[in-house]
Amino acid sequence: MNLRELVSALNDFASPALAESWDNVGLLVEPSPPHTVNTLFLTNDLTEEVMEEAVQKKADLILSYHPPIFTPLKRVTWKTWKERLVVRALENRIGIYSPHTAYDAIPHGVNNWLTKGLGACTSVPLHPSTAPSSPAEGTHRVEFCADAEHLDAVLSKIKDIPEISCLTTLPARVEGEEQTRVSLNCSQKALLEVVALLSQNSFLYHKTEILLLQKPLLAHTGMGRLCTLSEPVSLSDIIERVKGHLQLPHVRVALGAGRTLESPVKKAALCAGSGSSVLKGTEADLYLTGEMSHHDVLDAVANGISVILCEHSNTERGFLSELRDALAVHLQNRINIVVSEKDRDPLQVA
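Predicted, not measured: the structure shown is a model, and the values here were computed from it. (Residues numbered from 1 in each chain as written. Predicted model: local features only at pLDDT ≥ 70, side-chain atom pairs only at ≥ 80, totals over all residues. Heavy atoms only, no water.)

(A) Fine view of the nonpolar core. One finds Tyr103 and Leu327 to be the most contacted residues of the largest nonpolar core, which totals 69 residues. Both domain 1 (3–100) and domain 2 (106–129 + 220–314) contribute no fewer than three residues apiece to this core. Tyr103 has contacts with Phe13, Ala14, Leu63, Tyr65, Gly109, Val110, Phe319, Leu323 and Leu327, leaving out every residue within four places of it along the chain. Within the second largest apolar cluster, 17 residues are counted, among which are Ile161, Val182, Cys186 and Leu197. (Core = buried A, V, L, I, M, F, W, Y, C linked by side-chain atoms within 4.5 Å. Buried < 20%, exposed > 50% of the residue type's maximum accessible area, 1.4 Å probe, protein only. Domains from an automatic or database assignment. Contact = heavy atoms within 4.5 Å.)

(B) Up close: helix H7 (residues 188–198). For H7, every residue scored as buried is listed here: Ala190, Leu191, Val194, Leu197 and Leu198. Angular distribution of buried residues about the axis of H7 spans 125°; they occupy a single face of the element. Away from the buried face of H7 by more than 90 degrees, exposed residues Lys189 and Leu192 are located. (Helix = DSSP H or I, 4+ residues; strand = E, 2+ residues; numbered from the N terminus. Arc of directions from axis to C-beta.)

(C) Main features of the side chain of His100. Looking at the secondary structure, you find His100 in the loop between strand S4 (95–98) and helix H4 (101–105). Only 3.0 Å separates the side chain of His100 from the side chain of Asp23, close enough to count as a polar contact. (Polar contact = N/O pair within 3.5 Å; in protein donor to acceptor, adjacent residues only side chain to side chain.)

(D) Focus on the sheet that holds strand S6 (residues 140–146). One open sheet accounts for 4 strands, arranged S7-S8-S6-S9; its pairing is antiparallel. Edge positions in the sheet fall to strand S7 (164–174) and strand S9 (209–212), since each of these pairs with one other strand and no more. Put simply, the sheet's adjacent strands are angled 15° from each other on average, direction ignored. When S6 meets S9, the two strands line up antiparallel, connected through 4 bridges. Pairing of His140 across the sheet is with Leu212, part of S9. Of the strands in this sheet, S6, S7, strand S8 (177–186) and S9 are in contact with H7, which crosses S6 at around 20°. (Pairing = 2+ DSSP bridges. Axes fitted to C-alpha atoms, helices over the stretch in contact; angles between N-to-C directions.)

(E) View of the packing of aromatic side chains. Tallying each qualifying case throughout the model produces 3 aromatic pairs. Aromatic ring contacts, followed pair by pair, group Phe13, Tyr103 and Phe319 into a single cluster. The ring of Trp78 carries Arg84 above its face, with NZ or CZ at 6.0 Å from the centroid. (Phe/Tyr/Trp six-rings, centres within 6.5 Å; stacked < 30°, edge-to-face > 60°. Lys NZ or Arg CZ within 6 Å of the ring centre and 35° of its normal.)

(F) Representation of the UniProt feature "binding site: a divalent metal cation" (unreviewed entry) in the protein in the model. The sites that UniProt annotates as "binding site: a divalent metal cation" (unreviewed entry) are His66, Asp104, His312 and Glu316. Despite a sequence span of 251 residues, these residues sit close together in the fold, their greatest C-alpha distance being 13.4 Å. Of the residues annotated just before, the largest pocket has His66, Asp104, His312 and Glu316 among its lining. Relative accessible area serves as the criterion here: at 13%, His66 is assigned to the buried category. With residues near it in sequence (within four places) discarded, His66 still touches Asn44, Asp45, Ser98, His100, His312 and Glu316. A polar side-chain atom of His66 sits 2.6 Å from a polar atom in the side chain of Asp45. With respect to the element layout, His312 can be found in the loop between strand S14 (306–309) and helix H12 (319–330). With relative accessibility at 23%, the residue His312 sits in the partly exposed group. (UniProt positions renumbered as here; feature names shortened; annotations may be inferred. 1 Å grid on protein atoms, 1.4 Å probe; cavity = no way out; pocket = protein on both sides within 12 Å on 5 of 7 lines; lining within 4 Å.)

(G) Region of the structure containing the sheet that holds strand S3 (residues 61–64). Sheet architecture is open: 5 strands sit in the order S1-S4-S3-S2-S15, paired in mixed fashion. Strands with a single pairing partner mark the edges of an open sheet, and in this sheet they are strand S1 (26–29) and strand S15 (336–339). Adjacent strand axes in the sheet meet at a mean angle of 25° when their direction is disregarded. Strand direction decides the pairing type here: S3 and S4, joined by 3 bridges, are parallel. Among the inter-strand pairings, Leu63 is bridged to a residue of S4, identified as Tyr97. Of the strands in this sheet, S1, S3 and S4 touch helix H1 (residues 3–13), which is tilted by about 20° from S3. In this fold helix H2 (residues 48–56) packs onto strand S2 (39–43), S3, S4 and S15, with an angle of close to 160° to the strand it touches most, S2.

(H) Spatial organisation of the domain arrangement of the protein. Each assigned domain of the protein is listed here: domain 1 (3–100), domain 2 (106–129 + 220–314) and domain 3 (140–212). For domain 1 and domain 2, the distance between their C-alpha centres works out to 30 Å. The partner domain 2 presents 8 residues to the 8 residues of domain 1 that form the contact. Here domain 1 meets domain 2 over a buried area of about 610 Å², counting both sides, of which 69% is carbon and sulfur. If you sort the residues of domain 1 by the area they bury against domain 2, Phe13, Leu18 and Tyr65 come out on top, with a joint share of 57%. At the surface where domain 1 touches domain 2, the tally comes to 0 salt bridges. For the interface between domain 1 and domain 2, the tally reads 2 residue pairs in polar contact (both at pLDDT 80 or more). Across the side of domain 1 that touches domain 2, the residue classes break down as 4 nonpolar, 2 polar and 2 charged. (Buried area = accessible area lost by both parts, 1.4 Å probe. Salt bridge = Lys/Arg side-chain N within 4 Å of Asp/Glu carboxyl O. Nonpolar A, V, L, I, M, F, W, Y, C, P; charged D, E, K, R; others polar.)

Quick look at the structure:
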């Protein structure tokens, strides 16, 4: 596949618009066009060892779940390992694409894969995503009625305000009088100017309605998951299920206040990777994530919530095999898709 065609297909699989605003997703390194992709190489983290593996396997595009370029690079030299990744990629005509939190949000993504470690359950996003685009422009809609005496002057001034859209006028009958109903969409900044303008005329101001425009929520899409198990299960059993699902010999566990390993778990909140900010404040019997700060663990424990920590990338990497199969179907088996054998969590139990 042509690289640009493949990137478009990957964006269709998981829209980059679903990623968090702080994230750096999409095509990060692009060899000079035209660039044909025969082999797509999947990894959770793109380290130098993994890059060498990609070169050896003749990858044309690396899909790295974590973006190897996150903070801006001021130069591309051989001095730092992340700069060397870019050099090696371009020297070998390998593109780099990263989906990161877009894959966290989608219904067929990382967090849904992680829920399978709990056993039979239903789940909903902890923080639902809104539709990336919506027919309505702006953040607010303003509607008011004006008579012929004031209409032209008000509309003239409103049209001079930036960030106004969808301005319409319709005939209206208010309290037996023929008037014109004005409707417009505007940004938060423009709203202040519109209100200031209308407030200069008490007749207009008292008949003004302001509506907050919100994009619709997307079903089964968003950050984190709140899982309700079909049947309560002891914490010790959940620990074994999680270890089996993630293929880990050990996990770290903090018991909630008043809880034991035999305490039942009915509701579990989870977030792949570093989940503190996503899980915080959620009522559940258990938090499952890769890593949390010491003080966030203390907060959870004090609230009677047990915590299972598996290390950051251990809660993500196992998804790659499922992703390989899903992308093969999505791309109609047009390219070879391989999963890194060198990619691994940097932390070990010694």
